[in-house]
Amino acid sequence: MASDVSAPSSDPTSSPLGRRERMVLAAVAALLALGLFLLRGGLQPAAPLEKLARQSLELPVALANGKPTLVEFYADWCEACQAMAPAMERIESQHRDQLDVVLLNVDNPRWQPEVDRYDVNGIPQLELFDASGDAVGRSLGARSQPELEALSAALIAATPLPAMAGVAPLSQLPATPLGSSSTMAGPRSHS
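Residues numbered from 1 in each chain as written. Predicted model: local features only at pLDDT ≥ 70, side-chain atom pairs only at ≥ 80, totals over all residues. Heavy atoms only, no water.

A. Molecular detail of the nonpolar core. F73, M88 and L126 are the most contacted members of the largest nonpolar core, which totals 37 residues. Those elements that provide at least two residues to this core are α2 (48-55), α3 (59-64), β1 (69-74), α4 (79-94), β2 (100-105), β3 (125-129) and α6 (145-157). With six residues, the single largest contributor to this core is α4. Discounting chain neighbours no more than four positions away, the residues touching L126 are L70, V71, E72, M84, M88, G137, R138, S139, R143, L148 and L151. (Core = buried A, V, L, I, M, F, W, Y, C linked by side-chain atoms within 4.5 Å. Buried < 20%, exposed > 50% of the residue type's maximum accessible area, 1.4 Å probe, protein only. Helix = DSSP H or I, 4+ residues; strand = E, 2+ residues; numbered from the N terminus. Contact = heavy atoms within 4.5 Å.)

B. Molecular detail of the pattern of salt bridges. If you walk through the whole model with that rule in mind, you get seven salt bridges. Among the ionic pairs, K51 bridges to E89, the shortest N-O distance being 3.2 Å. Taken as a pair, K51 in helix α2 and E89 in helix α4 lie far apart in primary sequence, 38 residues in all. Under the relative-accessibility criterion, K51 is labelled partly exposed at 38%. Between R110 and E58 there is a salt bridge; the shortest N-O distance is 2.8 Å. With R110 in the loop between β2 and α5 (112-117) and E58 in the loop between α2 and α3, this pair connects stretches of sequence that are 52 residues apart. On the basis of relative accessibility, which here comes to 35%, the residue E58 falls in the partly exposed class. (Salt bridge = Lys/Arg side-chain N within 4 Å of Asp/Glu carboxyl O.)

C. Up close: the sheet that holds strand β5 (residues 167-169). Taken in spatial order, the five strands make up an open sheet running β2-β1-β3-β4-β5, and their pairing is mixed. Edge positions in the sheet fall to β2 and β5, since each of these pairs with one other strand and no more. Sheet twist, expressed as the average angle between the axes of neighbouring strands with direction ignored, equals 20°. Sheet analysis places strand β4 (residues 135-140) next to β5, joined by three bridges and oriented antiparallel. From the neighbouring strand, R138 faces β5, where its bridge partner is A168. Sheet strands touched by α4: β1, β2 and β3. Its angle to β1, the strand with the most contacts, is close to 160°. (Pairing = 2+ DSSP bridges. Axes fitted to C-alpha atoms, helices over the stretch in contact; angles between N-to-C directions.)

Quick look at the structure:
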């Protein structure tokens, strides 16, 4: 008895799937790949925080260029920072020629000296500098567009900061000459 079983053919027309089925399968695979791409973020533009941080001047440059500076300490995971980002972006674009906006990510070890220097222990935290690069105030917590506008206007006009919760002007302590003894009590000097 002879066997009627023949060797598999390499002829594409002998495939168990017809041409139409292969086209449908390819279309479904392409749609699934596109859906997965879009669900994972796709080609969305950079978030406003990331965009502002990338286009920010270096802090020493901003403090030395003769314009007031608004520095925001932020983190990508901070919801208040994310909510404030579009307003910060508008401030930066509206006042680009009058005010520097600098963003520093507290999670980036590169900015740890600044985080320590400005005693950042909550975010968002704004540090406000006059045109000479001197610290004039600090703002703790999220700010609305009108609040950011008021702070920016005060910096640009070199006027006192507006009165609002969480905003305080910084005072300068008089420098004590080296070697002089101070009669002021320190925080641990009382019993």
